[in-house]
Amino acid sequence: MRFDFTTRASPEQVLRALTDFTESRLETWNRTLDPKTYELRESGQTWAVARESSPRSPFWVVVRYDWSDAEAVRWTVLDSSYGGGGEGLVQIARGVDGGSQVHAEWTYTGARLMQRPLLFLINHGMGRFISRMWASALDRYAESSSR
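Residues numbered from 1 in each chain as written. Predicted model: local features only at pLDDT ≥ 70, side-chain atom pairs only at ≥ 80, totals over all residues. Heavy atoms only, no water.

Topic: the overall build of the chain
For the chain, the count of helices and strands is four helices and seven strands. The linear arrangement of helices and strands in the chain, starting from the amino end, is β-α-α-β-β-β-β-β-β-α-α. Taken across its 147 residues, the chain has 44% of its residues classed as buried. Residue pairs in contact within the chain that sit at least 24 positions apart in sequence constitute 45% of those at least 6 positions apart. Within the structure as shown, the chain displays about 8,600 Å² of accessible surface, and the carbon and sulfur contribution to it stands at 51%. (Helix = DSSP H or I, 4+ residues; strand = E, 2+ residues; numbered from the N terminus. Buried < 20%, exposed > 50% of the residue type's maximum accessible area, 1.4 Å probe, protein only. Contact = heavy atoms within 4.5 Å. Areas by Shrake-Rupley, 256 points an atom, 1.4 Å probe, with all protein chains shown as cover.)

Below is the structure:
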């Protein structure tokens, strides 16, 4: 899955929103992160391991996030309910008027045979939907951070 979008959030705010693993993460990403399944397992200065899923989704993942590279936030799926793995990244560039241009991409691999049709839909039909949800979350984050 790949998508690009623009947000009013500055590059610094986007990075902060993506790498904040405090309780605020559940508030920032309230439409895309299920608080019932979210669990921070480990974290360090430039990395975190968390169990996450989307609300009403049958799938969950344990992901290792890494933002040691100033150019991108990267992640690797360590464990999943669908029996596969995957990886992804988000790149953030300064946009016009202090906002950001965000590029995101990720892949899911090795799914069990029964899960493949659902993963096909995720990889081929959800980019536009997810990009709108992420842009909305980051716009709200920018607004709340500027108060």
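Alright, that's what it looks like, and here's the rest.
Describing the environment of Asp139
Note that Asp139 resides in helix α4 (residues 127–145). For Asp139, a relative accessible area of 15% gives the class buried. Residues contacting Asp139, with those up to four places away along its chain left out, are Thr7, Arg8 and Ala9. Polar contacts involving the side chain of Asp139 include one to the main-chain amide nitrogen of Arg8, which spans 2.8 Å. (Polar contact = N/O pair within 3.5 Å; in protein donor to acceptor, adjacent residues only side chain to side chain.)

Quick word on the pattern of salt bridges
Within this structure, the stated rule accounts for seven salt bridges. Of the charged contacts, one joins Glu105 and Arg2 as a salt bridge, the two residues approaching to 3.5 Å between their closest N and O atoms. Placement of Glu105 in strand β7 (residues 100–109) and of Arg2 in strand β1 (residues 2–7) is noted, with a sequence separation of 103 residues between them. Note that Arg94 is salt-bridged to Glu12, the shortest N-O span being 2.7 Å. Of this pair, Arg94 sits in strand β6 (residues 85–94) while Glu12 sits in helix α1 (residues 11–19); the two residues are 82 residues apart in sequence, bridging distant segments of the chain. We classify Arg94 as exposed; its relative accessible area is 53%. (Salt bridge = Lys/Arg side-chain N within 4 Å of Asp/Glu carboxyl O.)

Looking at the sheet that holds β7
Reading across the sheet, the seven strands line up as β1-β7-β6-β5-β4-β3-β2 and stay open at both edges, with antiparallel pairing between neighbours. Looking along the sheet, the strands with just one partner apiece sit at the ends: β1 and β2 (39–43). Strand after strand, the sheet turns through a mean of 20° between neighbouring axes, direction not considered. Pairing of strand β4 (residues 61–66) with strand β5 (residues 72–80) involves six bridges; the strand directions are antiparallel. The residue bridging Tyr65 from the neighbouring strand is Trp75, located in β5. Sheet contacts for α4: β1, β5, β6 and β7; angle to β1, the most-contacted strand, approximately 30°. (Pairing = 2+ DSSP bridges. Axes fitted to C-alpha atoms, helices over the stretch in contact; angles between N-to-C directions.)

Regarding the side chain of Arg25
As for its position among the elements, Arg25 is in helix α2 (residues 24–28). Among residues more than four places away in sequence, those in contact with Arg25 are Ala17, Leu18, Thr19, Asp20, Leu33, Tyr38, Glu52 and Tyr65.

Section: unusual backbone geometry
With phi around 65°, Arg56 is a residue other than glycine that occupies positive phi space. You can see Arg56 is positioned in the loop between β3 (47–52) and β4. Residue class for Arg56 comes out exposed when judged on its relative accessible area of 81%.

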